[in-house]
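For reference, the chains in residue letters:
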Amino acid sequence: ISRRNLQGEIPNSLGNLINLVELDLSRNQLTGQILQEIRLLERLLTLNLSENKLSGNIPTALGDLVNLQELRLRANNLSGSIPTTLAQLIRLRVLDLGSNGLEGAIPSGLSVLVDLVEMNLDSNNLTGRIPHKLSSLTSLCVLNLSRNALTGAIPIEFKVLENLEILQLNDNILCGAIPVELMELTLLQELDLSMNAFTGSIPKEIANLADLTRLSLNSNKLGGSIPEGLANLDLEQLYLFENKF
């Protein structure tokens, strides 16, 4: 029942539908909080509450939905921190919590979700460093941590994320050099590190990223020379402005 202009709060009685395997209430006008009773839907594989007006914290009880493969809560008004209990969702393949008001650090415990292929935590108010333990998520194809207030360097351990196709870390407060180790991610199609505080030069090994179509490094503090190897890539979009070249 997506896109039905549904309004009001999610009824408690929804917890009685214990045989549900998919619940999609996305793109409505639902308000209130996510129900604790949702923990009763033990067979649920997909939960999509994206693009509503839901508020409050993400319930820790969601960690009881151990069969869940997709959790999509994007574009609501959710606040508080990311519950550590989400680490119990060991079958999860998609985690999308983007475009909310979530705060605090990214729980390093999410590193046990080794079946994840997509993690979107963008457009929140997350702080702290990017946990290096996320390098355990070797099935990831999409990692989007953009538009937060994350600090520190990009973990060099990310070099083992060999299935990564999209890496978006833009609009944070990340610093240090761009790790040359990232240039081992040869399946990358999109790399966005723009609007941070990266220093140093662009690694010449960036020419190894043969599948890259979009590269955004603008609005940093990068210097040195632009690698000639960029000319050999089949780029559709290249953004290098507002640096120190």
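Before going into details, it helps to say that this report is about the structure given with it. Numbering of residues starts from 1 in each chain and follows the order in which that chain's sequence is written. Local features in a predicted model are, by the rule used here, given only for residues with pLDDT of at least 70; side-chain atom pairs are given and counted only at 80 or more, and totals for whole chains, interfaces and linings are based on all residues. With hydrogens and water stripped out, all remaining heavy atoms of the structure feed into the side-chain values.

### Section: empty space enclosed by the protein
- Both cavities and pockets are sets of points on a 1 Å grid over the protein atoms alone; in a cavity a 1.4 Å probe fits but cannot get out, in a pocket the set is open with protein on both sides within 12 Å along at least five of seven lines, and lining residues sit with an atom within 4 Å of a point. Grid points are joined across faces, edges and corners, and a volume is the space filled by probe spheres set on the points. Applying the stated rule across the entire model yields 1 cavity of 30 Å³ or more.
- In this model, the largest cavity occupies a volume close to 50 Å³.
- Lining the largest cavity, in full, are Ile10, Leu14, Gly15, Leu23, Leu25, Ile34, Leu35, Glu37, Ile38 and Leu49.
- Residue type decides the class: Asp, Glu, Lys and Arg count as charged, Ala, Val, Leu, Ile, Met, Phe, Trp, Tyr, Cys and Pro as nonpolar, and the leftover types, Gly among them, as polar. Residues of the lining of the largest cavity, tallied by class, amount to 8 nonpolar, 1 polar and 1 charged.

### Brief notes about the sheet that holds strand 6 (residues 70-72)
- A pair of strands counts as paired when DSSP detects no fewer than two bridges linking them. Only DSSP runs of H or I with at least four residues qualify as helices, and only runs of E with at least two residues qualify as strands; both kinds are numbered from the N terminus onward. Taken together, the 10 strands give an open sheet; going across it, the order is 2-4-6-8-10-12-14-16-18-19, and neighbouring strands pair in parallel fashion. Lying at the two open borders of the sheet, with one neighbouring strand each, are strand 2 (22-24) and strand 19 (237-239). Across the sheet, the mean angle from the axis of one strand to that of its neighbour is 10°, orientation sign disregarded. To get an axis, fit a line to the C-alpha atoms, keeping to the stretch in contact for a helix; angles then go from 0 to 180 degrees between the N-to-C directions.

### Looking at the side chain of Asn170
- Along the polypeptide, Asn170 turns up in the loop between strand 14 (166-168) and strand 15 (173-177).
- Polar contacts involving the side chain of Asn170 include one to the side chain of Asp171, which spans 2.9 Å.
- We call two residues in contact when some of their heavy atoms are within 4.5 Å. Among all residues touching Asn170, those that are not within four sequence positions of it are Ser146, Arg147, Asp192, Leu193, Ser194 and Asn196. For the purposes of these results, a polar contact is taken to be a pair of N or O atoms within 3.5 Å, where, inside protein, one atom must be able to donate a hydrogen and its partner to accept one; residues adjacent in sequence count only when each atom of the pair is a side-chain atom.

### Observations regarding the pattern of salt bridges
- Throughout this description, the term salt bridge denotes a Lys or Arg side-chain nitrogen within 4 Å of a carboxyl oxygen of Asp or Glu. Inspection of the entire model under this criterion finds 8 salt bridges.
- The salt bridge partner of Arg27 is Glu51, with a shortest N-O separation of 3.3 Å. With Arg27 in the loop between strand 2 and strand 3 (29-31) and Glu51 in the loop between strand 4 (46-48) and strand 5 (55-57), this pair connects stretches of sequence that are 24 residues apart.
- For Glu51, a relative accessible area of 36% corresponds to the partly exposed category.
- Put simply, Asp122 and Arg74 hold a salt bridge, and the shortest N to O gap is 2.5 Å. With Asp122 in the loop between strand 10 (118-120) and strand 11 (125-129) and Arg74 in the loop between strand 6 and strand 7 (77-79), this pair connects stretches of sequence that are 48 residues apart.
- One network of salt bridges, with partners in common, ties together Arg74, Asp96 and Asp122. In this scheme, a residue with accessible area under 20% of its type's maximum is buried, one over 50% is exposed, and one in between is partly exposed, where area comes from a 1.4 Å probe on protein chains only.

### Quick look at unusual backbone geometry
- Even without being glycine, Ser99 reaches a positive phi, approximately 60°.
- On the basis of relative accessibility, which here comes to 26%, the residue Ser99 falls in the partly exposed class.
- Phi is positive for Met195, which is not a glycine, with a value near 55°.
- Structurally, Met195 can be placed in the loop between strand 16 (190-192) and strand 17 (197-199).
- By relative accessible area, Met195 is classed as partly exposed at 43%.

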